[in-house]
Structures are given as structure tokens and as C-alpha cells.
Amino acid sequence: MSFAELHIDRVSRAFGEHIALRDLELTIKGGEFVALLGPSGCGKSTALNCLAGLLPLTGGQILLDGRRIDTLPPEKRGFGMVFQNYALFPHMSVRRNVAFGLSMRKVARAERERRVDEALRLVQLTDHATKFPAQLSGGQQQRVAIARAIVLEPRLVLMDEPLSNLDAALRLEMRSEIRRLHQTLGLTTVYVTHDQEEALALADRLVVLRDGLVQQIGSPEEVYAHPANRYVAGFMGYRNLLPVTMSTQDTVVGNGFTLAGINRDGLTEGGAVAAFRPTDVTVADADGENTVRAAVEIVEYHGREQAVEARLPGGEPLHVRTESRLAPGDEVLFHVPRERVLVFAP
Ligand SMILES: Nc1ncnc2c1ncn2[C@@H]1O[C@H](COP(=O)(O)OP(=O)(O)OP(=O)(O)O)[C@@H](O)[C@H]1O
Ligand SMILES: [Mg+2]
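Residues numbered from 1 in each chain as written. Chains lettered and ligands numbered in written order. Predicted model: local features only at pLDDT ≥ 70, side-chain atom pairs only at ≥ 80, totals over all residues. Heavy atoms only, no water.

- As annotated in an unreviewed UniProt entry, the chain is ABC transporter ATP-binding protein from Actinophytocola glycyrrhizae.

### Concerning the domain arrangement of the chain
Next, step 1: Domain parsing of the chain yields domain 1 (5-230) and domain 2 (239-344).
Next, step 2: For domain 1 versus domain 2, the separation of C-alpha centres amounts to 39 Å.
Next, step 3: Contact with domain 1, which involves six residues of that partner, is made by six residues of domain 2.
Next, step 4: On the domain 1 side of the interface with domain 2, the three residues burying the most area are Tyr224, Pro227 and Arg230, jointly 83% of the side's total.
Next, step 5: Our count for the contact surface shared by domain 1 and domain 2 stands at zero salt bridges.
Next, step 6: Linking domain 1 to domain 2 there are one residue pair in polar contact (both at pLDDT 80 or more).
Next, step 7: A class-by-class count of the residues in the side of domain 1 that touches domain 2 yields four nonpolar, one polar and one charged. (Domains from an automatic or database assignment. Contact = heavy atoms within 4.5 Å. Buried area = accessible area lost by both parts, 1.4 Å probe. Salt bridge = Lys/Arg side-chain N within 4 Å of Asp/Glu carboxyl O. Polar contact = N/O pair within 3.5 Å; in protein donor to acceptor, adjacent residues only side chain to side chain. Nonpolar A, V, L, I, M, F, W, Y, C, P; charged D, E, K, R; others polar.)

### Considering the side chain of Glu32
Next, step 1: Topologically, Glu32 is positioned in the loop between β2 (18-29) and β3 (33-37).
Next, step 2: Overall, the relative accessible area of 12% leaves Glu32 in the buried class.
Next, step 3: Here Lys29 takes part through its backbone nitrogen, which lies 2.9 Å from a polar atom of the side chain of Glu32. (Helix = DSSP H or I, 4+ residues; strand = E, 2+ residues; numbered from the N terminus. Buried < 20%, exposed > 50% of the residue type's maximum accessible area, 1.4 Å probe, protein only.)

### Brief notes about the sheet that holds strand β14 (residues 270-276)
Next, step 1: An order of β13-β12-β11-β14-β20 is seen for the five strands of this open sheet, with the pairing classed as antiparallel. At either end of the open sheet lies a strand with only one pairing partner, and these are β13 (257-260) and β20 (342-344). Taking the axes of each pair of neighbouring strands and ignoring which way they run, one obtains an average angle of 40° across the sheet.
Next, step 2: Where strand β11 (residues 240-248) lies against β14, seven bridges are found, and the strand directions are antiparallel. Following the sheet pairing, Met246 is matched in β14 by Gly270. (Pairing = 2+ DSSP bridges. Axes fitted to C-alpha atoms, helices over the stretch in contact; angles between N-to-C directions.)

### A short note on the sheet that holds strand β6 (residues 79-82)
Across a sheet, paired strands are connected by hydrogen bonds in the backbone, their directions being either parallel or antiparallel.
Next, step 1: Ordered in space as β6-β7-β8-β3-β9-β10, the six strands form an open sheet in which the pairing is mixed. Of all strands in the sheet, those bounded by a partner on one side alone are β6 and β10 (213-218). Recorded for the sheet is a direction-independent mean angle of 15° between the axes of neighbouring strands.
Next, step 2: When β3 meets strand β8 (residues 189-193), the two strands line up parallel, connected through five bridges.

### Focus: the nonpolar core
Next, step 1: Of all hydrophobic cores here, the largest spans 52 residues; its most connected members are Val98, Ile146, Ile178 and Leu206.
Next, step 2: No other element matches the six residues that helix α5 (residues 138-150) contributes to this core.
Next, step 3: Here this core gathers at least three residues from each of two domains, domain 1 (5-230) and domain 2 (239-344).
Next, step 4: Apart from the residues within four sequence positions on either side, Ile146 is in contact with Val82, Val123, Met174, Ile178 and Leu181.
Next, step 5: Listed in part, the 29 residues of the second largest apolar core include Ile62, Met81, Leu158 and Val192. (Core = buried A, V, L, I, M, F, W, Y, C linked by side-chain atoms within 4.5 Å.)

### Digging into the pairing of strand β18 (residues 317-322)
Two faces make up the sheet, and in a regular strand the side chains alternate between them.
Next, step 1: Sheet topology places strand β17 (residues 305-311) next to β18; six bridges connect them, and they run antiparallel. Within the sheet, the bridge partner assigned to Val308 lies in β18 and is Val320.
Next, step 2: Counted between consecutive antiparallel strands, the loop separating β17 from β18 contains five residues, among which Gly315 sits at a positive phi close to 105°.

### Considerations on helix α3 (residues 94-104)
Next, step 1: Among all positions of α3, only Val94, Asn97, Val98, Ala99, Gly101 and Leu102 are buried.
Next, step 2: Its buried side turned inward, α3 meets α4 (109-122) and α5.
Next, step 3: Following α3 by one or two positions, Lys106 has its phi on the positive side, about 60°.

### Section: the UniProt feature "domain: ABC transporter" (unreviewed entry) in the chain
Next, step 1: What UniProt calls "domain: ABC transporter" (unreviewed entry) maps, in this numbering, to residues 6-236.
Next, step 2: Split by type, residues 6-236 is 38% helix and 26% strand. Its first and last C-alpha atoms lie 27 Å apart. (UniProt positions renumbered as here; feature names shortened; annotations may be inferred.)

### Some details on the environment of Ala260
Next, step 1: Looking at where Ala260 falls in the secondary structure, it is placed in strand β13.
Next, step 2: As a C-alpha pair, Ala260 and Gly218 span 42 residues in sequence and 29 Å in three-dimensional space.

### Let's talk about the packing of aromatic side chains
Next, step 1: Applying the stated rule across the entire model yields three aromatic pairs.
Next, step 2: Note on Phe33 and Tyr191: the rings are 5.8 Å apart at their centroids and 45° apart in plane angle, and the pair reads as tilted. Taken together, the residues Phe33 in strand β3 and Tyr191 in strand β8 connect sequence positions 158 residues apart.
Next, step 3: Given a relative accessible area of 0%, Phe33 falls into the buried group. (Phe/Tyr/Trp six-rings, centres within 6.5 Å; stacked < 30°, edge-to-face > 60°.)

### Remarks on the site of ligand 1
Next, step 1: What surrounds ligand 1 is the set Phe15, His18, Ala20, Pro39, Ser40, Gly41, Cys42, Gly43, Lys44, Ser45, Thr46 and Glu161.
Next, step 2: At 2.8 Å, a side-chain N or O of Ser45 approaches an oxygen atom of ligand 1.
Next, step 3: Of all elements in the fold, only β2 and α1 (44-52) reach the threshold of two or more residues within the shell around ligand 1.
Next, step 4: Class assignment for the residues of the shell around ligand 1 results in four nonpolar, six polar and two charged. (Near = heavy atom within 4 Å.)

See below:
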């Protein structure tokens, strides 16, 4: 059931002229939870389908414990797949849906029943076993799809945006469920999502993709605190990405905003991008280092906090998340602590 290492060796996939995935290089260890993260069209599903064997590669190879598997058909790889749209059989009961793969593999009846019972128990659907998919909620259908994948005891579980059809509360519940199953069953999981929060919460390692190219591979902590470039930063919640000019080694200027005490190796002069999170901007008491006056334009209510969009003197928007009560039209002095600002190449 398990393996030591799945090596994805410079895997590429083109559709005609368009290269959807370029030279993906990644080694997944048995037991790991890896998330492929990126916006629509960046190549996440392409990567997953290449792993599953649903798409042939146009370059590179895939090795499972040193043995090539990219030439094997999907059913010979021993992987389980959970699709975004569940892909359940509508005319089969929950039980038969889950048993389907085992029946196809001619697993003996007693063994089959035992494994189906266990899978249904794990996803907490025992009481719904005789229902049909149309009689289930979205979250229950999603659990059937997961049960159907894990009942085969796959050595690798591939999930393509499995929670995207669920409402916010159910997404959170199923997210913990997926992590729990991963841990309890000792699965190895590759999970595709465009939701950075989901990826950070679930994965041991993130792979951030853009236009088919890997931007960064790292632990949630690494990618969150040290994004490799402005693109990853934007994706990780650094919503303020301001064009600036590096004036001295540690000062950047732009938008009528001077940010002091900032240092970034290799970027000492010329144009750059200063990145910081809305939650790192505070309302200042008095003029001082790294303060700027901006006009509040939009205020959104988020319970304890407000999401504020203000206009900087240079015309760029400033995104702020604050517990201070602000109103449109307010002229406010904001502050960004120097240690919270990252500077990237433009
Ligand atoms: N069968 C296909 N034929 C032609 N182009 C394709 C095909 N499948 C994907 N592409 C293209 O390859 C690129 C990557 O697609 P992919 O489905 O991997 O994106 P994704 O990251 O999964 O996006 P989403 O979040 O929207 O599902 C896109 O530009 C897409 O248009
Ligand atoms: Mg996709």
C-alpha cells in the first residue's frame, strides 16, 4: 500500500502549442500531504491528471520507488482519485458506489463487504448506505467520493478541488475530515486547490504554480512567511503590492510613502515592489517612520474587524484590516512596521 518515494522528474504536458505544465520536479515522500496551489488555468489539474495516468506526458518521467510508472495505464498505478464533481453513479446506492472498484477488481464478496463497511464507517456514512446520490447533501456526496477512493487502499490519493462545490461551513468540516483520514489511514495525498487557506491548513508541503511553472515549493510556514516572489506573495495574502523605487539600501519610496529600514539582498536600486499584508497596517497616533496619510474610500464590515480600502497620495490603493472604526471620507494616518515589509523585483 505505501511507498518510500514518488519522484516526478521534469514532467511536462503540452496541448498543441500551449505548454500547460513545464518541467515539474518534485519528490513526494510516502505519508506526505502535498498541495498544488495556484489560480485557474495554472496547470494544477494537468499535473494531477499526469500523475493519475489520465493524460500522457509530453516530457519527463514519473518514478515510484525507482520504477517508472508513467507508462502504466491508470488502473495499474494503484492510485485513488477524487474529482471536483464527485462523479458518482446516480443509479447506484451509496454502498454500491463505494463497492464498485472492488467489484471491478473481482475482490471476493466477504472481503468486499468488510472493506465497504469500514470505508463507510470512516467517512461516517453507515446510516446512509442504502440511499442514492440524489438523496444526499453535497457534503455527503463528497464523502461517498472519498470512501470510493480509499476503499481501494490506494498508495496515493489524488484530489482535485474536492471541496469547491460545498458551502463555507461544510468546506471547513470536510477539510478537517480529509486531514483526519489522511492521518488515520497513513495515506499519501496530493491535493489540488486554488484556495491558499485550504492549502496552508492541510498540507505538509505546498507547490505554488503559475502558468505551468513552479514558483515555490515549501512548508506552509516557509511559503507564508517567505514567499519567493511577488506573485507568491500576492497569493499568500500580501494584498498590498506597491510599485516603489529603492532609494538607499534600506529605504523604498513610492506613492508618497517612504518605507525605512527595509533590506532585501540583491535589490539595492531601481524599481521594486513593496509587499505587506492588510493585517500588518495599523492606524498611527502620530507622524513618524513608515507612516502615510490616506483617504478611506471603502469600508467592509467583518465582525470585530473592518476591511478598509484607502487611497494613497500616489493614487494606489492601500488595503487595511483593522479593529479601528473608520468611515469613508476619513483622512487617516496609517503605519506599516518595517519588519513586515518585503521587497521584490518588479
Ligand atoms: N484538454 C485540453 N486541451 C487544451 N488545453 C487544455 C486542456 N486541458 C487544459 N488545457 C489548458 O491548460 C492550462 C492548464 O489547465 P488546467 O486544467 O491544468 O488548469 P487548473 O490549474 O486545473 O485550473 P482550474 O483551477 O480552473 O481547474 C489551461 O490554460 C487550459 O486551458
Ligand atoms: Mg483544475
